[in-house]
Structures are given as C-alpha cells and as structure tokens.
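Structural description and commentary
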Amino acid sequence: MKKISAIVALVLSFMVVLSACGKASDNKADKKTGTNQAAGGDLLKQVKNAGVLTIGTEGTYSPFTFHDKNGKLTGFDVDLAQEVAKRLGVKAVFKETQWDAMFAGLDAKRFDMIANEVGIRPDRQKKYDFSDPYITSSAVLITRSDNNSVKSFNDIKGLNSAQSLTSNYADMAKKYGAKIVGVDGFEQAIDLLGQKRVDVTINDKISFLDYKKQKPNAPVKIAATSPDASQSGFMFRKGSNTLVDAVNKALKDMIADGTYKKISMKWFGQDVLK
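Residues numbered from 1 in each chain as written. Predicted model: local features only at pLDDT ≥ 70, side-chain atom pairs only at ≥ 80, totals over all residues. Heavy atoms only, no water.

1. Considerations on helix H6 (residues 168–175)
Among the residues making up H6, those that are buried are Tyr169, Ala170, Met172 and Ala173. Angularly, the buried residues of H6 cover 160° about the axis, an arc narrow enough to put them on a single face. Looking at the packing, one finds that the buried side of H6 touches strand S7 (135–144), strand S8 (160–163), strand S9 (179–182), strand S10 (200–204) and strand S11 (220–237). Phi for glycine 177, located one or two positions after H6, is positive at around 90°. (Buried < 20%, exposed > 50% of the residue type's maximum accessible area, 1.4 Å probe, protein only. Helix = DSSP H or I, 4+ residues; strand = E, 2+ residues; numbered from the N terminus. Arc of directions from axis to C-beta. Contact = heavy atoms within 4.5 Å.)

Pasting the structure below:
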C-alpha cells in the first residue's frame, strides 16, 4: 500500500508540474501576442515615436511630385505631405519609386503612406485606407496637335494609348478599347506621343495644363475632357486608422486656416479642392 501511495503521489506531483508549465507557457504566449498587437495596432504612435513619416512617391509626375532644376523633390503633393507631417510633429521622409511599384512598397511597409495623386476608387478602398480627398480633377484625352481624327474618347478604340499600368486612366483607356502601352509616368507618356510611338494618352487635366505652362510649344493638345471628376487622397495600408484620422485632422486644419489654399494657389493659381 505504501508503494502504491508513493506512486500516486509522484503522479500527482508530475501533473502539478505540467499544469504550472502550461500556465507559464500560456502567459508567455499572451505577452507575446499583446506585444505584437501593440506594435502593429497604432501606426500613429509608431510614427511619432520614430519622429518620421515615411512617404512613397514617384518624383516624376509634375506638378504633383517631381524634381526641380536643382534636383530637389517638390510639387503639390510633396508640399501638402510635408505640411501634414509638420502638423503631426514629425519629419517627412520621401522614398521614390515607380508608380507600379508603389502599391507593393506600401504593402511591404516600406512607407507609412503614399502621396502621389492616387485616385480614390472602390476597388482600391477594398484593400487600402484613404485620407479625405485633397484634390479634384478631370481626365483628359491628349493627342498630338496635328491629329484631327481623334475628337472623343470613343475614337481611341484600337489605338495605342500610353498609360501607367495600374492607374485609373489605364482602366479608362481599356474601357474605350485602346491598346495599352505601359509607361512610368506622365512625362514619358507625352514623350512617346510627341515621338509618334503612341496615338493618345489619357491623363490628369491639371497635369496637362501645368505641362503646357512649362512647355507652351509642346506639340500636344486636349482632344476631349471627361465629364466625370475624380478625387485623390493619401493612401495607407488597411488598419492605419489612427494615422488616417490624424492626417485628416491636419488636412481639415490646413483648409480652415488657409494653408491649403496657399499651397494650391502656388501650384495651380486656383483652389483645386473642389
């Protein structure tokens, strides 16, 4: 009997040890999960702790994001993003990449947000968060100055259209039956048009007007303007709620105190919010 009692006691002791180990393991797992959630749950806190807002942009899309004659990154979106960062109390750090790589860069957490005239549309809103719109513009159909056969969007069926592959304008060109020729940005599209390597390009009206202001003799013209205006905003990964809210507040404050209008007038000579 003593031998059996000793065995029972030993088994009970072993079970107690296993139970304690299980609790310790569970506690570690809970702590690890909590840390991971805290690290990924508040992007605004992370940005403020780092003192830096990392922003993806092209740097080739005048007048929104481009390099001036001295090589400095500038533009409407750049000025706007820098002002937002300033109001968040952090430094804006831009990482330049091609348009079609920006979305992957955001997914891979290379940036906290994208500032590059990204159109707000339903398919993107399913995957990404957006700020409130900060600019409204229309799409225009651009041709060479000597092209009199293209007068409407319906005329581009079967023609070669230079477009950034994942842009709203590429989708629009496809809708009207054009053959898409991939480009890195607006200026390359215009260059191909001038070289007669493509027939048309669909792009942003404000971009075109700025381009013609800089290069009034460029042999291109607007053949048609879309009646539908599009809106653009800063783009974020899903779940960036705290940062999106803070950016929206900064935008609202900028509009209220006249800073937004000042930036808009600098680049366009008018208020482009609406």
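There's more to say after this.
2. Looking at the nonpolar core
Looking at soluble globular proteins, one finds that nonpolar side chains tend to be buried together. Grouped together as the largest cluster of nonpolar side chains are 65 residues, with contacts concentrated most on Phe76 and Phe234. Formed by 10 residues, the second largest nonpolar core is a distinct cluster that contains Phe103, Leu106, Val118 and Phe130. (Core = buried A, V, L, I, M, F, W, Y, C linked by side-chain atoms within 4.5 Å.)

3. Comments concerning the packing of aromatic side chains
Per the stated rule, a full pass over the model turns up 12 aromatic pairs. With a centroid separation of 4.6 Å and an interplanar angle of 40°, the aromatic rings of tyrosine 134 and phenylalanine 234 are classed as tilted. Separated by 100 residues along the polypeptide, tyrosine 134 in the loop between strand S6 (128–130) and S7 and phenylalanine 234 in strand S11 bring together distant segments of the chain. Taking relative accessible area as the criterion, tyrosine 134 reaches 1% and is therefore assigned buried. Within the aromatic cluster, the residues linked to one another by ring pairs are Tyr61, Phe64, Phe76, Tyr134, Phe186, Tyr211, Phe234, Tyr260 and Phe268. (Phe/Tyr/Trp six-rings, centres within 6.5 Å; stacked < 30°, edge-to-face > 60°.)

4. A look at the pattern of salt bridges
Applying the stated criterion across every chain, the model contains 10 salt bridges. Among the ionic pairs, aspartate 253 bridges to lysine 249, the shortest N-O distance being 2.9 Å. One end of the pair, aspartate 253, and the other, lysine 249, are both in helix H9 (residues 241–257), 4 residues apart, so they sit about a helical turn from each other. By relative accessible area, aspartate 253 is classed as partly exposed at 31%. (Salt bridge = Lys/Arg side-chain N within 4 Å of Asp/Glu carboxyl O.)

5. Some words on empty space enclosed by the protein
In this approach the atoms are scanned with a rolling probe the size of a water molecule, which exposes any empty space left behind. Within the structure shown, the criterion is met by 1 cavity of 30 Å³ or more. Within this model, the largest cavity holds a volume of roughly 260 Å³. Along the walls of the largest cavity sit 24 residues, with Tyr61, Trp99, Glu117, Ser167 and Tyr169 positioned nearest its centre. Among the secondary structure elements, those contributing two or more residues to the lining of the largest cavity are strand S5 (113–119), S7, H6, helix H7 (186–194), S10 and S11. Class assignment for the residues of the lining of the largest cavity results in 8 nonpolar, 12 polar and 4 charged. (1 Å grid on protein atoms, 1.4 Å probe; cavity = no way out; pocket = protein on both sides within 12 Å on 5 of 7 lines; lining within 4 Å. Points joined across faces, edges and corners; volume = space filled by probe spheres on them. Nonpolar A, V, L, I, M, F, W, Y, C, P; charged D, E, K, R; others polar.)

6. Quick look at the confidence of the model for the protein
In this model, the protein carries an average pLDDT of 86, and 85% of its residues clear a pLDDT of 70 or more. Confidence over residues 1–40 falls short of pLDDT 50; this stretch has 2 contacts with residues more than four positions distant or in other chains. (pLDDT = per-residue confidence, 0-100.)

7. Let's talk about unusual backbone geometry
Backbone torsion omega between serine 62 and proline 63 reads 5°, so that peptide bond is classified as cis. Looking at the element boundaries, proline 63 is found in the loop between strand S1 (52–57) and strand S2 (66–67). Located in the positive-phi region is glutamate 117, a residue other than glycine, with phi close to 55°. Within the secondary structure layout, glutamate 117 lies in strand S5. Since its relative accessible area comes to 7%, glutamate 117 is described here as buried. Positioned with a positive phi, lysine 196 is a non-glycine residue whose angle comes to about 65°. Tracing the backbone through its elements, the reader meets lysine 196 in the loop between H7 and S10.

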